[in-house]
Amino acid sequence: MNRIAPRTGTAFLLHKGQYLTVIDINGQQVSDMVVFNAEDTGEYISSGKSIDFEETIRFTKGNFIWSNRSNKLLEIVKDDVGVHDFLLAPCSKETFEIMYKDHDTQFSCRDNLFKNLRPFGIQSDAIPTAFNVFMNVKISSHGGVSVEAPISNKGDKIIFKAMKNLIVALTACSAKDSNGGSFKPIGYKITTELD
């Protein structure tokens, strides 16, 4: 298993047919994930298309993650938690300045995504809304949005199957409120067979 240190990120290639397992090592830790077509980075993960085509905001086993060009990029094939977010943008320096009091602005998911995607030629403005693994976002009956502590426990995982050759970036999220008040690592592994 690979380990993403708290408030950092990584990016890597995931080939068509391979499986990506994202693991909450200690529990209650979010991982922001963005995905690009490795052969054409103008195609990338799309929250809007995915919500449209899957007709849900609660993505879990059996759902697909779609691209801005209406193609399937990932299939969720296993999910221990069933609570993830596909609405909110990656946290950034501006997120902490506008929405939080006394939050460290040195580390953010947006900066960590960009830093790790830059070697693939992807610029900061090209980073889309992330699929926020293990993030627990509540929507009130009046449409209000609140971020609660994740319900994921130590060792919980979600497994994706790649539908194309992909560039994947993952973080160990830097927003305190998203992670139950502390910063923890995220694990991941790539396999050719489903665990």
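Criteria and thresholds
Residues numbered from 1 in each chain as written. Predicted model: local features only at pLDDT ≥ 70, side-chain atom pairs only at ≥ 80, totals over all residues. Heavy atoms only, no water. 1 Å grid on protein atoms, 1.4 Å probe; cavity = no way out; pocket = protein on both sides within 12 Å on 5 of 7 lines; lining within 4 Å. Points joined across faces, edges and corners; volume = space filled by probe spheres on them. Helix = DSSP H or I, 4+ residues; strand = E, 2+ residues; numbered from the N terminus. Nonpolar A, V, L, I, M, F, W, Y, C, P; charged D, E, K, R; others polar. Core = buried A, V, L, I, M, F, W, Y, C linked by side-chain atoms within 4.5 Å. Buried < 20%, exposed > 50% of the residue type's maximum accessible area, 1.4 Å probe, protein only. Contact = heavy atoms within 4.5 Å. Polar contact = N/O pair within 3.5 Å; in protein donor to acceptor, adjacent residues only side chain to side chain.

Peer 1: Any chance you could explain the layout of surface pockets here in plain terms?
Peer 2: Gaps between atoms show up when a probe of the same size as a water molecule is rolled over them. Roughly 280 Å³ of internal volume is contained in the largest pocket. Lining the largest pocket we find 17 residues, and of these Leu88, Thr95, Met99, Tyr100 and Val147 sit closest to its centre. Those elements that place two or more of their residues in the lining of the largest pocket are helix H2 (93–99) and strand S10 (145–148). The dominant element in the lining of the largest pocket, judged by the number of residues it contributes, is S10, at three residues. Here the lining of the largest pocket is built from residues that sort into 11 nonpolar, four polar and two charged.

Peer 1: Help me out: how do you make sense of the nonpolar core in this one?
Peer 2: The nonpolar side chains of a soluble globular protein tend to be buried, and buried together. By size, the foremost hydrophobic cluster in this structure holds 39 residues, and its most contacted members are Leu117, Phe131 and Phe160. Take this core: its biggest share by element is five residues, from strand S12 (residues 166–171). Ignoring any residue separated from it by four or fewer positions in sequence, one finds Leu117 in contact with Ala11, Val34, Phe36, Ile122, Ile127, Ile167 and Ala169. Formed by nine residues, the second largest nonpolar core is a distinct cluster that contains Cys91, Cys109, Met135 and Cys173.

Peer 1: Sorry, what's going on with unusual backbone geometry here?
Peer 2: One can expect most non-glycine residues to show negative phi and most peptide bonds to be in trans. Of note in this structure, Glu55 is not a glycine but carries a positive phi near 55°. Mapped onto the elements, Glu55 comes out in the loop between helix H1 (47–54) and strand S6 (64–66). Positive phi, normally seen in glycine, also occurs at Phe134, with a value near 70°. Within the secondary structure layout, Phe134 lies in the loop between strand S8 (131–133) and strand S9 (136–139).

Peer 1: Explanation requested: the environment of Arg69 in the structure shown.
Peer 2: Among the secondary structure elements, Arg69 is positioned in the loop between S6 and strand S7 (72–79). Exposure remark for Arg69: the relative accessible area of 41% places this residue in the partly exposed category. The spatial distance from the C-alpha of Arg69 to the C-alpha of Gly42 is 9.1 Å, given a sequence separation of 27 residues. The residues touching Arg69, leaving out its near neighbours within four places in the chain, are Asp40, Gly42 and Glu43. A polar atom in the side chain of Arg69 sits 2.7 Å from the side chain of Asp40.

Peer 1: Can you help me understand the side chain of Asn112 in this one?
Peer 2: Tracing the sequence through the fold places Asn112 in helix H3 (residues 109–117). The exposure class of Asn112 is buried, given its relative accessible area of 10%. Within the structure, the side chain of Asn112 is placed 3.0 Å from the backbone oxygen of Arg7, a separation counted as a polar contact. Excluding anything up to four places from it in sequence, Asn112 contacts Arg7, Thr8, Gly9, Thr171 and Ser174.

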